[in-house]
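# Structural overview for review
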Amino acid sequence: MPELPEVETVRRGLNKMIIGQKITAIDILYDKIIVGDVDTFKEQLIDATIAYVGRRAKYLLFNFDNGLTMISHLRMEGKYQVRSKISDFDKHVHIIFHLSNGEYLGYRDVRKFGRMQLVDTNDVTKVKSIALLGPEPLTPEFTYQSLLEGLKSTRKTVKATLLDQHVVSGLGNIYADEVLWLAKVHPEQPANELTTQQVKDLHNGINEDIKKAIDAGGTTIRSYVDATGHSGEFQFQLNVYGRQGKPCKRCETIIEKIKVAGRGTHFCPHCQVLQS
DNA sequence: GTGTATGTTACCCC
DNA sequence: TGGGGTAACATACA
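As the structure is a computational prediction, the values presented were derived from the model and not from experiment.

Over its 20 residues, helix α7 (residues 196–215) runs 29 Å from end to end, which matches the ideal 28 Å to within 8%, given 1.5 Å per residue. Along α7, the residues classified as buried are Gln198, Val199, Leu202, His203, Gly205, Ile206, Asn207, Asp209, Ile210, Ala213 and Ile214. Immediately downstream of α7, the backbone of Gly217 shows phi near 80°, a positive value.

Here it is in structure tokens:
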């Protein structure tokens, strides 16, 4: 599913394909994707030109030359596609942007969970969902100290805390399991009980894993492809996610799968021991 | 038909 | 109150 590395890969693909294109028309086939008034959304984007696609955590930021930004979250299965004919889109494409070069940018979302919201570019950081995000990996703001403070402030399980976008943003279920394995931390360990060394290992592991995943173009587990239609390659480097029943790559103990914070959670019962 | 999958928000409850 | 748990969103697939 799209977590930070997948969204970053989509962003890069979009920037190669649609920069400088003007929106000439928009077809909205499923209203609930759009946050706010659908007609206003259309009116404000017609004749606007796409200047640059940015990103904050898992949010794509389509910046237009008229001072507006479209905040787009892919949630579980959202994806963007560029096609030369509308008939090239299937029934799961709910929003179609007509571009000035004659091509079409489609938003496909089987589950319809994704959302798009149009705001003034100057106000993007004031939008609640963006404003409350914690620092993201690979930025100067994501420090050992910031992670330590986020973990120390709660008795929630460390896994739930890593998934909490206010502590560190951009991680989802796959990378949360991966970094816990890297740092040898049990997913159900209360966040405020981690040792200094474990927090350091988590901080390093998050940065390194996210960087490797971006370099690999993200992880394709179920359906993820980037804006150019390519799969990611990081699934071949996963250490625990989806490996239940298989031997741990460090110690050969069989990887287990349990439920933590309502999510499927994979860990090595030998490397990742619950400490009391 | 049933259970499971994932991200985020809403909401109930102790 | 904070926070834990879970439903809801909508669909595909084993």
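Additional details are given in the paragraphs that follow.
Taken together, the neighbourhood of DNA strand C is formed by Tyr30, Lys32, Lys91, His92, Val110, Arg111, Lys112, Phe113, Ser153, Arg155 and Lys156. In this structure, Lys32 approaches DNA strand C through a side-chain N or O atom, which is 2.7 Å from a phosphate oxygen. Looking at side-chain class alone, the surface near DNA strand C contains 3 nonpolar, 2 polar and 6 charged residues.

Another point: the domain arrangement of chain A. Domain assignment breaks chain A into domain 1 (4–131) and domain 2 (144–267). Facing the 18 residues of domain 1 at the interface are 19 residues of domain 2. On the domain 1 side of the interface with domain 2, the three residues burying the most area are Pro5, Glu6 and Thr9, jointly 34% of the side's total. Counting every contact that joins domain 1 to domain 2 gives 0 salt bridges. For the interface between domain 1 and domain 2, the tally reads 4 residue pairs in polar contact (both at pLDDT 80 or more). Counting only elements with at least two residues in the side of domain 1 that touches domain 2, the list comes to α1 (4–17) and β5 (79–83).

With that out of the way, let us pick up the UniProt feature "active site" (unreviewed entry) in chain A. As recorded in UniProt, the sites labelled "active site" (unreviewed entry) are Pro2, Glu3, Lys58 and Arg263. Structurally, the position occupied by Glu3 is in the segment before α1. Not counting the four nearest positions on each side in its chain, Glu3 is found in contact with Lys58, Gly170, Leu171, Gly172, Asn173, Ile174 and Tyr175. Inspection of the secondary structure puts Arg263 in strand β10 (residues 263–267). Among residues more than four places away in sequence, those in contact with Arg263 are Lys159, Leu163, Asn173 and Ile258.

Sites flagged by UniProt as "domain: Formamidopyrimidine-DNA glycosylase catalytic" (unreviewed entry) map to residues 2–114. Across residues 2–114, helical content stands at 19% and strand content at 37%; the span's end C-alpha atoms are separated by 11 Å.

The immediate surroundings of DNA strand B are formed by 18 residues, with His73, Met76, Arg111, Tyr241 and Lys257 found nearest. The sugar-phosphate portion of DNA strand B accounts for 53% of its atoms within 4 Å of the protein, the bases making up the rest. Here a phosphate oxygen of DNA strand B sits 2.3 Å away from a polar atom, N or O, in the side chain of Lys257. Here a base oxygen of DNA strand B and a side-chain polar atom of Arg263 are 2.9 Å apart. When residues of the surface near DNA strand B are traced back to their parent elements, those giving at least two are β9 (256–260) and β10.

To continue, consider the nonpolar core. If you look at the biggest cluster of nonpolar residues, it comprises 31 residues, and the most contacted ones within it are Leu14, Phe41, Phe62, Met70, Tyr80, Phe97 and Met116. For Phe97, the residues in contact, after removing those within four places along its chain, are Ile23, Ala25, Ile26, Phe41, Leu45, Met70, Glu103, Tyr104, Leu105 and Met116. Leu4, Leu202, Ala213 and Ile214 belong to the second-largest nonpolar core, a separate cluster that totals 24 residues.

Turning to the side chain of Arg108, a few remarks are in order. Locating Arg108 in the fold gives a position in strand β7 (residues 104–108). For Arg108, the side chain forms a polar contact with the side chain of Asp90, separated by 2.8 Å. Beyond its immediate stretch of four places on either side in the chain, Arg108 contacts Glu77, Gly78, Lys79, Gln81, Asp90, His92 and Val93.

Our next topic: the environment of Cys248. Take Cys248: it is sitting in the loop between α7 and β9. The spacing of Cys248 and His270 is 22 residues in sequence and 8.8 Å in space, taken between C-alpha atoms. In contact with Cys248, other than residues within four places in its own chain, are Trp181, Arg243, Thr253, Ile255, Cys268 and Cys271.

Looking now at the sheet that holds strand β6 (residues 93–99). Spatial strand order, β1-β6-β7-β5: 4 strands in an open sheet with antiparallel pairing. A single partner strand is all that each edge strand has here, and the edge strands are β1 (23–28) and β5. Across this sheet, the average inter-strand angle for adjacent strands is 20°, counted without regard to direction. Here β5 pairs with β7 via 5 bridges, running antiparallel. The partner of Val82 across the bridge, within β7, is Leu105. Together, β1 and β6 form the strand contacts of helix α2 (residues 38–45), whose direction differs from that of β1 by roughly 165°.

Analysis parameters
- Residues numbered from 1 in each chain as written.
- Chains lettered and ligands numbered in written order.
- Predicted model: local features only at pLDDT ≥ 70, side-chain atom pairs only at ≥ 80, totals over all residues.
- Heavy atoms only, no water.
- Helix = DSSP H or I, 4+ residues; strand = E, 2+ residues; numbered from the N terminus.
- Expected span 1.5 Å × (residues − 1).
- Buried < 20%, exposed > 50% of the residue type's maximum accessible area, 1.4 Å probe, protein only.
- Near = heavy atom within 4 Å.
- Polar contact = N/O pair within 3.5 Å; in protein donor to acceptor, adjacent residues only side chain to side chain.
- Nonpolar A, V, L, I, M, F, W, Y, C, P; charged D, E, K, R; others polar.
- Domains from an automatic or database assignment.
- Contact = heavy atoms within 4.5 Å.
- Buried area = accessible area lost by both parts, 1.4 Å probe.
- Salt bridge = Lys/Arg side-chain N within 4 Å of Asp/Glu carboxyl O.
- UniProt positions renumbered as here; feature names shortened; annotations may be inferred.
- Core = buried A, V, L, I, M, F, W, Y, C linked by side-chain atoms within 4.5 Å.
- Pairing = 2+ DSSP bridges.
- Axes fitted to C-alpha atoms, helices over the stretch in contact; angles between N-to-C directions.

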